[in-house]
Each structure stands twice: as C-alpha cells, then as structure tokens.
Amino acid sequence: MGAAPGGLHRLADRDRGRALPPYDRPPLSKQALLGQVPARRTTLPRYDALDADWRLGVAATGLDLRGKQVLLADGEQVGFDRLLIATGVRARPGPNEAEAGLDGLFALRTPDDADGLRRRLAAGPGRVLVIGAGFTGSEVASACRELDVPVTVAERGPAPLVGALGAVIGGVAAQMQRDHGVDLRCGVQVEALEGDGSGRLRRARLSDGSTLDVEVAVAALGSIRNVEWLEGSGLAAGVWGVACDAGCRAVDANGVVTDDVFVAGDVARFPHPVYDYQYLALEHWGNAVAQAEIAAHNMISAQSGRWPHLALPEFWSTQFDTEIKSVGVPTHADQVVIAQGSVPERRFVAAYGCRGRITAAVAFNQSKWLEFYAGLIDRAAPFPPSFRTVDQPTDGHPVAAEVPDRPTPQATVVVTGHRPSERRATFVRRTYL
C-alpha cells in the first residue's frame, strides 16, 4: 500500500491467475470446509469512502527506494511518500513439482482452494491424506472427521502442533486426534504421490513403508513469504520476510532503519522486547491487525509521536470440539506446567516459562483465563506460577517444554569499502526456498 501525493494506492498480486479482493483467512480451514459459510463470502468489507485506487490483479515487481517508486507488472510505476509492505505469504508447495498437477492435491490458502476442497470432501472420498499437522493441517483433519470422512495425517515431527506449542502439549493434541478417529502418523513423511493415467490422485507412499489409497491430499506444509519482488531493492528482505523495527519501519540491507517504508503482517520480521528483542515473524490474524494499526499510525505521525508494536502474540484454533487459544510465544520457553484444569478432560491452561519468568500460556477450552496470564507475561511474573487458582492440579510440576530448535534463516552479505562512510553491505543472491 503506497501513500502518494494523489491519494492511497492498494496493490494486490494475482493469485493463481485470478484477481482476489482482500478476504478473511481463518474461516477457510474451518467453517468453509464444513459448508457453514461459502468460501467466496469471506471477502472483507471495503470502505467506499476511502480514497483508494485498487489495482487488483496487478503484481508489484520491484521497488526503487531512491526514486520512491513501486514498479508494477503492467509497466506502470506508482510513486509514494510512505509505503506499506504487506505482501503476506503463499502456501508452500510439495517438494515434487511433477506431483503438483495431480487432480486431488490441494493447498489451502485462498477462497478458491477452500471451495474446491469443500466440494471434494462433500463428495465423500474414500480417504483423505493431510500432509503436515500444524494448525491448518489439524483443522482440515478435524473437518474431515466432522464430515465422517476417513483421514490420515502424516507429520514428520513427533506430534501435531509441535512447532507452535512444543512436544508436551503437542502430545495432548495427538491423543485428541486419535480419539476422534484420525489415523495419525508421526515421524512419517510422504515419499511419493501417484496418479492414474488421467492424472487423478490415487495413492501415496509413506516413509514408514506403507501405501495409502487416497483420492484427496492436502499439503499443509507451511508458507513462503512473498519477498521476491524486493530483490535488489536495498531492503533487508529474504526468506525470513522483511526486517523492520518495533515501529514497523523497514530496515535496509545495511541494517539502517528507513523512514518512508513500513512493514506489517505475515511478511514482517520485527524485534519484540518481551522476548529478548528477538526478531519474530508471526502468521497470526491478530498480529496482522495489531501491527497494521501501529504501521498506519506511524506512517502519518511525527517521529516523537510514533508507537511501538508491543502487543503480545495471540492465536486460536478450533478443532475436534476443542478451542485452543494462546497468548505469548510458547516456543520461547524451556519449561511448561499445567497451571490449572485437567488434561484428560481437555480443559486446562498450560503456562510456559523461560529462565524463571512466564512467557506464554495455552488454553484448551479455558480461554477466559488468558487475559490473566497475558498480564503475568507483561509483568515478567516468575515461573512456575506460585499463586493459587481454581482447578489447581495436584501434580502441577514443570517439565521440559520440548520446543524444537529453530535455526534462524541466515542472510549472507558481502561488505565493501574501507572508511566508515564507504562501508556498505550487499546481499548475496540465493534461491528462495
């Protein structure tokens, strides 16, 4: 989004060849698959009073920082006084390009994806294969079971949701899936998808040596940040997203904060003081909304009146008759404890701690308590919690959180020049993964 002398310009990439207006993504893996809301009715409301020039279906292909111009695929250039980069992410495809064209293989990112998958599920396939047990994959599996469709979930990690919640709470999610009839295969990857002579998906071969007859498969393998168009722009943009400060101002390749370019949403990578100033990249609906408010304010404010983006990350998921909500960053933890409630009943709050302070909380069907735990996180309250709560567990002892190690995506640069006024960093070109 660029603020130019003539008003506001909103650019959007062409997604799978069709121009899409802004839409709400959370319902696509929940209500839309169950037929409770048409996928194409998830479009966000547009404010007609806003003086905006919408260029749907026209991709941004480059950024000229010095000239303050965004280059478009149709050859035009849009000037700006302030620029907001909110290009988001796209679904990560499977590793085998030859399999990508199989009829019956889906990703789930757009309303068209959700509509196509819903129709296949409504037809009652013999079995669905879900590749990946993150939140999207787990919600798809939940929809399958609610529709009484047999489903197998292949997850290369030790448990579902392990990348977001750690293996301890991931183990609770695993049992929940199996209790609802999911054929969950952890520590297993899909080695090959095979089709018939007409290119229709028919079977899958797994790394555990088994073969599944499947008509539908959903690749829930995460996402890729849409940053390729910024290559050569001079911004610190790569597989990690676009680096920015806590005020949403973009950082250039030299590590210097810009004052005209801002970043928000899934594509942003920003430092959070609560988490040791580590750079976070969050694909959460709530973060995109909160960060957009900060960016919009700072784009039109003087330096002295700008705000930092200090909102605690929050996300939620509804699956297998259970509402899972989180506040904070559960992966920034070394221990976890069931602070209240009952794991067997799947009504509990798990508190996470790092080096003796509370850093996150996850609630299964107990979301009313999260505001209380958010206050503890903000105050850097000690971990484990020492206070009495309702539904206090009798054996609430902290255990290792079993959070997977996540190597930070590396940026490779070449530094040139000798004097301080001459020293400059340049990214080494590499393939985007």
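The structure this text deals with has already been given above.
Rules behind the numbers
Residues numbered from 1 in each chain as written. Predicted model: local features only at pLDDT ≥ 70, side-chain atom pairs only at ≥ 80, totals over all residues. Heavy atoms only, no water. Buried < 20%, exposed > 50% of the residue type's maximum accessible area, 1.4 Å probe, protein only. Helix = DSSP H or I, 4+ residues; strand = E, 2+ residues; numbered from the N terminus. Contact = heavy atoms within 4.5 Å. Pairing = 2+ DSSP bridges. Phe/Tyr/Trp six-rings, centres within 6.5 Å; stacked < 30°, edge-to-face > 60°. Patch = residues over 30% accessible without salt bridge, like charges linked within 9 Å, V, L, I, M, F, W, Y side chains within 5 Å. Areas by Shrake-Rupley, 256 points an atom, 1.4 Å probe, with all protein chains shown as cover. Salt bridge = Lys/Arg side-chain N within 4 Å of Asp/Glu carboxyl O. Expected span 1.5 Å × (residues − 1).

Visitor: I'd love a proper account of helix α5 (residues 370-378), names of residues and values included.
Guide: Think of an α-helix as 3.6 residues a turn; residues three or four steps apart then line up on the same face. Within α5, burial applies to L370, Y373, A374, G375, L376 and I377. Where the residues of α5 are buried, they touch β25 (322-328), β26 (335-342), β27 (347-354) and β28 (357-364). Positive phi appears at A380, one or two residues downstream of α5, with a value of about 55°.

Visitor: Tell me about the sheet that holds β27, and please be specific about residues and values.
Guide: Pairing in this open sheet of six strands is antiparallel, and the strands run β24-β25-β28-β27-β26-β29 from one edge to the other. A single partner strand is all that each edge strand has here, and the edge strands are β24 (314-319) and β29 (399-400). Note: β27 against β28, seven bridges, orientation antiparallel. The residue of β28 that forms the bridge with F348 is F364.

Visitor: Residue-level account of the packing of aromatic side chains, with values.
Guide: All chains considered together, the criterion is met by five aromatic pairs. Measuring from ring centre to ring centre gives 6.3 Å for W369 and F372, while their planes differ by 80°; the resulting arrangement is edge-to-face. Judged by its relative accessible area of 35%, F372 is partly exposed. On the basis of an interplanar angle of 80° and a centroid distance of 5.3 Å, the ring pair of F372 and Y373 is categorised as edge-to-face.

Visitor: Outline the side chain of S326, supporting the account with residue identities and numerical values.
Guide: Of note, S326 is situated in strand β25. Among all residues touching S326, those that are not within four sequence positions of it are P313, E314, F315, A361, V362 and L370.

Visitor: Can you break down a nonpolar patch on the surface residue by residue, with the values?
Guide: Together, W285, V289 and W316 make up an exposed nonpolar region whose accessible area comes to about 310 Å². Of note, W316 is situated in strand β24. Overall, W316 belongs to the partly exposed group, its relative accessible area being 35%.

Visitor: How would you summarise helix α1 (residues 111-122) if you had to cite specific residues and measurements?
Guide: Between its terminal C-alpha atoms α1 stretches 16 Å, which fits the 16 Å expected from 12 residues at 1.5 Å a residue. The inward-facing, buried residues of α1 contact β9 (105-106), β10 (128-131), α2 (135-146) and β16 (216-219). A positive backbone phi angle near 75° is found at G124, which sits one or two residues after α1.

Visitor: Tell me about the pairing of strand β22 (residues 268-272), and name the residues and values.
Guide: In terms of burial, β22 is a largely internal element, five of the five residues being buried. Going residue by residue along β22, you find A268, F270 and H272 tucked away on one face and R269 and P271 tucked away on the opposite face as well. Note: strand β19 (residues 241-243) against β22, two bridges, orientation parallel. Bridge assignment links A243 to a residue of β22, and that residue is R269.

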